[in-house]
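# Understanding the architecture of this molecule
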Amino acid sequence: MRFSAAIALLVPLLCSDIGASIEDLEDETQMIMGNGIPAMGYSEGLTYDPEQPYFDTEHSSNVTALLGKTAVLNCRVKNIGNKTVSWVRHRDIHLLTVGRFTYTSDQRFSALHSVGSEDWLLKIHYLQERDAGKYECQISTTPPMSHLIHLAVVEPETVIVGGPDVYINTGSRLALTCSVKYSPEPPAFIFWYHDDKLVSYDRTRGGVVVSTEKGLVTTSRLLVQFAEPRHSGVYTCAPANSKPKSVNVHVLADKPAAIVHENNSAEAMVSTQRLHSYVFIAGAALIHVFVL
């Protein structure tokens, strides 16, 4: 009886403690979310501290850059305080930069940071294929906090549909399509050349029209409504950020007069031979009648 009474007294107390714990957890969660702190800003084992640094992952994203050009990797850190930011190449755990100082003998790498800025930049000049991979941005907390950024090194490809040789008849439409693939950004311009001479973009001159559509795959089209033999030759598509590509166009002329004359002569010869055969057969038949 006494045991039942004790249980009856303890149950309300336990429920109130559990409810308080849940409310405290909800309040803490709201406080963290209210500050806009991303979950991945914390390393495992670290407790929440409103003054603790964290990564702004929205402004610390992956990068795609062109082979041979320059790549800039950005790591944005909030509440940096007296901590420092380092860049480490992930594939070989090679320390590249600490703060604003560079710690690698490869002079293509450099650290950039402006006083008062939240952005810590890693700049890589003259990109090579081996530079592709993961780079780790670290904050000197205990234990260290880290955020991985992936660098993709690409080489744009220029393609002309239907190459390397295109054959069309005189009077037909000449349409060449050039595409630039695997480019992180559309080329600033695409020039067309005909036998090393820049193609005029004047629609009224020679019936040549050039149009360009920019996007993930940038496409440039060269159009000649009525092709003539003078439109034969090598056409080159030269984008601003990719290697040029060429195609050899052959505009086939009408049948030459010499060939027509030769064919007519041959046909006339065959007709004459047939006529002679008919005359011979007819003459032989008459002779046979007279003999009889």
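Computed from a predicted structure; not experimentally measured. (Residues numbered from 1 in each chain as written. Predicted model: local features only at pLDDT ≥ 70, side-chain atom pairs only at ≥ 80, totals over all residues. Heavy atoms only, no water.)

### Some details on the state of the cysteines
Here is the rule: Two cysteine sulfurs form what is called a disulfide whenever their separation falls within 2.5 Å. Working definition: helices are DSSP H or I runs of at least four residues, strands are E runs of at least two. Numbering for both runs from the N terminus.
As enumerated under the stated definition, the model contains 2 disulfides in all. In this model Cys 75 forms its disulfide with Cys 137; the gap between the sulfur atoms is 2.0 Å. Across the S-S bond linking Cys 75 and Cys 137, the dihedral sits near -85°, which makes this disulfide left-handed. Placement of the pair is Cys 75 in strand 3 (residues 71–78) and Cys 137 in strand 9 (residues 133–139), with a sequence separation of 62 residues.

### Concerning the pattern of salt bridges
To be explicit about the condition: Throughout this description, the term salt bridge denotes a Lys or Arg side-chain nitrogen within 4 Å of a carboxyl oxygen of Asp or Glu.
Scanning all chains against the criterion turns up 9 salt bridges. Where Arg 89 meets Asp 92, a salt bridge forms, and the shortest distance between an N and an O atom there is 2.9 Å. In this structure, Glu 213 engages Arg 221 in a salt bridge whose closest nitrogen and oxygen atoms are separated by 3.6 Å. Residues joined in a network through salt bridges with shared partners are Arg 89, Arg 91 and Asp 92.

### Describing the pairing of strand 7 (residues 109–112)
Heads up, the condition is: At least two bridges found by DSSP between two strands is the condition for calling them paired.
Examined bridge by bridge, strand 7 and strand 8 (residues 119–124) share 4 bridges and lie antiparallel to one another. The residue bridging Ser 110 from the neighbouring strand is Lys 123, located in strand 8. The hairpin formed by strand 7 and strand 8 contains 6 residues between the paired strands, and Gly 116 there has a positive phi angle of roughly 90°.

### What about the sheet that holds strand 6 (residues 101–102)?
Ordered by their spatial adjacency, 6 strands build an open sheet running 2-10-9-4-5-6, and the pairing between neighbours is mixed. Taken across any chain shown, the strands that pair with only one partner, and hence form the sheet edges, are strand 2 (63–66) and strand 6. As defined by bridge partners, strand 9 adjoins strand 10 (residues 145–154) across 7 bridges and the pair is classed as antiparallel. By the bridge assignment for strand 10, Ile 139 is matched with Met 145.

### Some details on the confidence of the model for the chain
Counted only if it meets this: Think of pLDDT as the predictor's per-residue confidence, scored from 0 to 100. Residues count as neighbours in contact if any of their non-hydrogen atoms are within 4.5 Å of one another.
Put simply, the chain has an average pLDDT of 77, and 67% of its residues get 70 or more. Within the model, the stretch residues 1–45 combines pLDDT values under 50 with 27 contacts to residues more than four positions away or in other chains. Contacts for the low-pLDDT stretch residues 275–292, under 50 throughout, to residues beyond four places or in other chains number 0 contacts.

### Quick notes on a nonpolar patch on the surface
The cut-off we apply is this: Excluding any residue in a salt bridge, patches collect residues exceeding 30% relative accessible area, merging like charges within 9 Å and nonpolar Val, Leu, Ile, Met, Phe, Trp and Tyr side chains within 5 Å. The Shrake-Rupley method, run with a 1.4 Å probe, gives the accessible areas here. Residue values count only the displayed protein chains as cover. Think of it in three bands: with a 1.4 Å probe and only protein chains considered, a residue is buried below 20% of the maximum accessible area for its type, exposed above 50%, and partly exposed in between.
A contiguous nonpolar patch, built from Leu 95, Phe 101 and Tyr 103 and spanning about 340 Å² of accessible area, is present on the exposed surface. Here Leu 95 is to be found in strand 5 (residues 94–98). Judged by its relative accessible area of 33%, Leu 95 is partly exposed.

### Re the sheet that holds strand 8
Pairing is antiparallel in the open sheet, where 4 strands are placed in the order 1-3-8-7. Of all strands in the sheet, those bounded by a partner on one side alone are strand 1 (54–55) and strand 7. Pairing geometry for strand 3 and strand 8, over 6 bridges, is antiparallel. Following the sheet pairing, Arg 76 is matched in strand 8 by Asp 119.

### As for the pairing of strand 16 (residues 208–213)
Two strands pair when backbone bridges link them, and strand 16 and strand 17 (residues 218–224) are joined in this way by 6 bridges, in the antiparallel orientation. Bridge pairing in strand 17 places Ser 211 opposite Arg 221.

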